[in-house]
Amino acid sequence: MYTQAMDTMRDEGGDKPALRTAEEAQLQQRFDNRIDAGDFIEAKDWMPENYRKTLLRQISQHAHSEIVGMLPEGNWITRAPTLKRKAILLAKVQDEGGHGLYLYAAAETLGSSRDQMLDALHTGKAKYSSIFNYPTLTWADVGAIGWLVDGAAIMNQVPICRCSFAPYARAMVRICREESFHQRQGFDSLLVMMKQGTDAQRAMVQEAVNRWWWPCLMMFGPPDDQSPNSAQGMRWGIKRVSNDTLRQKFVDAAVQQAEVLGVTFPDPDLRWNEANQHWDYGTIDWSEFWRVVGGDGPCNRERLADRVKAWEDGEWVREAALAHARKSELKEAA
Amino acid sequence: MISSIKIPAAPELTYLLRLADTCLILGQRLGEWCGHAPILEEDIALSNMALDLIGQSRALLTLAGQHSGKCGGEGYDEDQLAFLRDEIDYRNVTLAELPRGDFAFTVLRNLMLSTWLKLMWERLRDSSDAELAAIAGKALKEARYHQQHAADWAVRLGDGTDESRRRSEAALATLWLYTPELFEDDAVDAAATAAGLGPAWSQLHEPWLAEMDEVLGEAKLAVPPAPTFRSTGKRGLHSEHMGYLLAEMQYLQRAYPGGAW
Amino acid sequence: MWEVFVRTKAGLDHKHCGSLHAADPKMAVQMARDVYTRRQEGSSVWVVRSDQIVASDPNDKDMYFDPAEDKVYRHPTFYKLPDSVDHM
Ligand SMILES: [Fe+2]
Ligand SMILES: [Fe+2]
């Protein structure tokens, strides 16, 4: 997902060093009690080092996902087919930039600067959601991303609004409010093409859905039995619902929506399970997921190169702004 | 492939299209920054500006499409006008279509055009066309903000580092060549003034120069000499960049005839 | 003069709730507590020197905020979907 951090990070040995002062143990106890009581933790509160590190990693990764996520769709802003769709897409991609911004700000409260986080992204040390390493090849990809990718993201993000770390939770509340039009505009765009469009457009929509379906299912992260850090995340209230539960919820909703749209999903094993009242789906190719996470997705190199270029091209601008601010300050002081 | 629509040669329609297309094409260029700006905050700011401009062009194109129906042509909607004209029927000033360049180029072009648009909207509030006057009233608020944003950046860049100053000077020198087009009258302006539709463009020159003088002075950038070069986008004769811009912008409408979006 | 921001409950934002006079930061925080949280209104307070706040100019109100009016496509209600999927 946008927040695959819990699943793709290495285990760093936990937060229980053998020796610990009495005072620390007491702080830890108080922290645990607060977490168990469902209290929020603020940036200035004491927190175990591993909690801080895990959150920093997850929030910054989430932020990176938002800004890298601007690229595949941004790719179509200049080609949007009507002025209305151009405005909608621009506003949507702009929103994602805002989400990145709120999240960097939340992560900064944990003691890392935006520049440091961006540096980690640009040097390939930090990850972002695997989904944005897939290409947008047709206009229908824009609608499919809104419907399926934002749909999956919303499903994952709503529970984080109750995350134990309050600055993250607050950012997520704002983000979820803004997200509310993203999925709808995507679905609406596809619906118009399917219901009022031409055969060529319908074929374009179906082809896009075919390409995005499986990567979207991967967004929820590895199956629960292969998600070693999930338990800790749940305990901390960083993660609220398990990967498989969210994935199932997403599939169930998407199948019904696909029917309204008149498209199918590329999964011969997709069928209603009367016993558990859910839609069964086929086996996900996790080797593809790990390949994309590991850097060998179709667009990993392009995405990173685009971000690095924007950052490097902008360096003189940022320097100029600072230089001017210094000059103005001196002038005021004089 | 859908063939192009025909635009009647009526001066009032041309007057509207010059303004509508300048907003449209500048909005198109600014949209290119989304995801690629020097700081995240600026991605958002430039997108806002692009959205305002696209909104303005939509209102103006809708109005122009109605005018087209009234002056002997067919009536058109905003998208037919935006996506299905031949290049020669786009009437934006050439300045708007130049590639986005570096950030200094974008900022200084925004400064020039937002100042020009602000002055234009101020006057169009008194248009004999009530619809146009209403569009102007709304757009004026947006243009004022665009101008302020661009002017603040122009000062930061002009009075920032050596590099930002050098880049600003280079951008200014190129952009300035395209500014005479913003202030030269022709038969279109004569007809528009006669009908009370809007000002002759030449009327904007003095106040524009005064405002540019002020900002460039604060940015410690010298106002370039008056150019002898003349661009002609508003008469439909564009730079070579325009064809590529339109190929990209029009591609879906052209490739999916009869499509619904 | 100091501006006072109070967080009423853990997890919520600090909200501006008023101002007060104080000679130094420490005094300002204490006064904020005494003035603005007497009825269990707070779980945290911030104070900021009033002259440190940069505010938008009231004269700029139109150009700052009116342009958002016609961007109707930013709202979910702009998209009319069939009833069966309308909860999305
Ligand atoms: Fe987002
Ligand atoms: Fe989104």
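The rules behind these values
- Residues numbered from 1 in each chain as written.
- Chains lettered and ligands numbered in written order.
- Predicted model: local features only at pLDDT ≥ 70, side-chain atom pairs only at ≥ 80, totals over all residues.
- Heavy atoms only, no water.
- Contact = heavy atoms within 4.5 Å.
- Buried area = accessible area lost by both parts, 1.4 Å probe.
- Salt bridge = Lys/Arg side-chain N within 4 Å of Asp/Glu carboxyl O.
- Polar contact = N/O pair within 3.5 Å; in protein donor to acceptor, adjacent residues only side chain to side chain.
- Helix = DSSP H or I, 4+ residues; strand = E, 2+ residues; numbered from the N terminus.
- Nonpolar A, V, L, I, M, F, W, Y, C, P; charged D, E, K, R; others polar.
- Phe/Tyr/Trp six-rings, centres within 6.5 Å; stacked < 30°, edge-to-face > 60°.
- Buried < 20%, exposed > 50% of the residue type's maximum accessible area, 1.4 Å probe, protein only.
- Lys NZ or Arg CZ within 6 Å of the ring centre and 35° of its normal.
- Axes fitted to C-alpha atoms, helices over the stretch in contact; angles between N-to-C directions.
- Parallel < 35°, antiparallel > 145°, perpendicular 65-115°, else oblique.
- Left-handed = near helix turned anticlockwise from the far one by under 90°.
- Donors = N, O, S within 2.8 Å, 3.2 Å for Na, K, Ca; no water.
- Pairing = 2+ DSSP bridges.
- Tetrahedral: all angles 85-135°; square planar, octahedral: opposite > 155°, others 65-115°.

(A) Fine view of the interface of chain B and chain C. Contacts between the two partners involve 9 residues from chain B and, on the opposite side, 11 residues from chain C. Summing the contributions of chain B and of chain C, the shared interface buries around 930 Å²; its carbon and sulfur component is 51%. Summed over the three residues of chain B that lose the most area to chain C, namely Leu-51, Lys-141 and Arg-144 of chain B, the buried surface amounts to 47% of that side. Of the charged contacts, one joins Asp-70 of chain C and Lys-138 of chain B as a salt bridge, the two residues approaching to 2.6 Å between their closest N and O atoms. Applying the counting rule to chain B against chain C returns 5 residue pairs in polar contact (both at pLDDT 80 or more). Contributions of two or more residues to the side of chain B that touches chain C are made by α2 (40-70) and α6 (130-158) of chain B. Sort the elements by how many residues they give to the side of chain B that touches chain C and α6 of chain B lands first, with 6 residues. Of the residues that constitute the side of chain B that touches chain C, the class distribution is 2 nonpolar, 2 polar and 5 charged.

(B) Just the packing of aromatic side chains, in detail. Counted under the stated rule, the structure contains 25 aromatic pairs over all chains. Geometrically, the ring pair formed by Trp-76 of chain A and Tyr-251 of chain B is tilted, given 6.2 Å between the ring centres and 35 degrees between the ring planes. Taken together, the residues span two chains, with Trp-76 of chain A in the loop between α4 (70-74) and α5 (83-108) and Tyr-251 of chain B in helix α10 (residues 241-255). Since its relative accessible area comes to 32%, Tyr-251 of chain B is described here as partly exposed. Between Trp-176 of chain B and Trp-208 of chain B, the ring centres sit 5.4 Å apart and the planes meet at 35 degrees, which makes this aromatic pair tilted. Of this pair, Trp-176 of chain B sits in helix α7 (residues 162-176) while Trp-208 of chain B sits in helix α9 (residues 205-218), placing them 32 residues apart in sequence. By relative accessible area, which is 4% here, Trp-176 of chain B ends up buried. A relative accessible area of 1% places Trp-208 of chain B in the buried class. Chaining the aromatic ring pairs together yields one cluster made of Trp-147, Phe-187, Trp-213, Phe-220, Phe-250 and Phe-265 of chain A. In this arrangement the basic side chain of Arg-18 of chain B is found over the ring face of Trp-201 of chain B, its NZ or CZ atom lying 5.9 Å from the centre. Cation over ring: Arg-100 of chain B sits above Trp-33 of chain B, and NZ or CZ is 4.5 Å from the ring centre.

(C) Broad picture of the environment of Ala-260 of chain B. Here Ala-260 of chain B is to be found in the segment after α10. On the basis of relative accessibility, which here comes to 12%, the residue Ala-260 of chain B falls in the buried class. Ignoring any residue separated from it by four or fewer positions in sequence, one finds Ala-260 of chain B in contact with Val-192, Met-193, Gln-196, Gly-197 and Gln-201 of chain A.

(D) Region of interest: the packing of α5 of chain A against helix α6 (residues 114-122) of chain A. Residues and elements named next belong to chain A. Viewed as axis vectors pointing N to C, α5 and α6 meet at an angle of 110 degrees, and their least axial separation amounts to 9 Å. Classified by the angle their axes make, α5 and α6 are roughly perpendicular. Both α5 and α6 take part in a crossing whose hand is right-handed. Contacts from Leu-101, Tyr-104, Ala-107 and Glu-108 in α5 reach Arg-114, Met-117 and Leu-118 in α6. Across the contact of α5 with α6, the residue classes break down as 5 nonpolar, no polar and 2 charged.

(E) Quick look at the packing of α6 of chain A against helix α13 (residues 300-313) of chain A. All names here are of chain A. Axis separation between α6 and α13 bottoms out at 10 Å; the angle between their running directions is 140 degrees. As far as their axial angle goes, α13 and α6 are oblique. In this structure, α6 crosses over α13, and the sense of that crossing is left-handed. For the pair formed by α6 and α13, the contact residues are Asp-115, Leu-118, Leu-121 and His-122 on the first element and Leu-304, Arg-307, Val-308 and Trp-311 on the second. When the residues that make up the contact of α6 with α13 are grouped by side-chain class, the tally is 5 nonpolar, 1 polar and 2 charged.

(F) Looking closely at the coordination of the iron ion (ligand 2). Residue and element names in this part refer to chain A. On the protein side, the iron ion (ligand 2) has Glu-96 (OE), Asp-150 (OD), Glu-179 (OE), Glu-179 (OE) and His-182 (ND1) as donor atoms, found 2.0 to 2.7 Å from it. For the iron ion (ligand 2), all donor residues lie on one chain, and their spacing in sequence is E-x53-D-x28-E-x2-H. Separating the iron ion (ligand 2) from the iron ion (ligand 1) is a gap of 3.4 Å, which Glu-96 spans by donating to each of them. With a gap of 29 residues between them, Asp-150 in helix α7 (residues 139-160) and Glu-179 in helix α8 (residues 166-196) connect regions that are remote in the sequence. On the basis of relative accessible area, Asp-150 is assigned to the buried category, the value being 0%. On the basis of relative accessibility, which here comes to 1%, the residue Glu-179 falls in the buried class.

(G) Layout of the side chain of Arg-114 of chain A. Secondary-structure assignment places Arg-114 of chain A in helix α6. The class for Arg-114 of chain A is buried, based on a relative accessible area of 18%. There is a polar contact of 2.6 Å between the side chain of Arg-114 of chain A and the side chain of Glu-41 of chain B. Filtering out sequence-adjacent residues up to four positions away, Arg-114 of chain A remains in contact with Leu-101, Tyr-104 and Glu-108 of chain A together with Leu-40 and Glu-41 of chain B.

(H) Seen up close, the sheet that holds strand β2 (residues 14-20) of chain C. Residue and element names in this part refer to chain C. Spatial strand order, β2-β1-β3: 3 strands in an open sheet with antiparallel pairing. Edge strands, defined here as strands with exactly one partner in the open sheet, are β2 and β3 (44-49). Pairwise comparison of adjacent strand axes, ignoring direction, gives a mean angle of 30 degrees for this sheet. Inspection of the sheet shows strand β1 (residues 2-7) paired to β2 by 6 bridges, in the antiparallel sense. Bridge pairing in β2 places Phe-5 opposite His-16.

(I) The arrangement of the coordination of the iron ion (ligand 1) in detail. Residue and element names in this part refer to chain A. Within the protein, the iron ion (ligand 1) binds to Glu-66 (OE), Glu-96 (OE), His-99 (ND1) and Glu-179 (OE); these donor distances fall in the range 2.0 to 2.3 Å. Classification of the site at the iron ion (ligand 1) rests on its 4 donor atoms, whose angles at the metal span 82 to 163 degrees, yielding the label irregular. Read in sequence order, the donor residues for the iron ion (ligand 1) give the motif E-x29-E-x2-H-x79-E.

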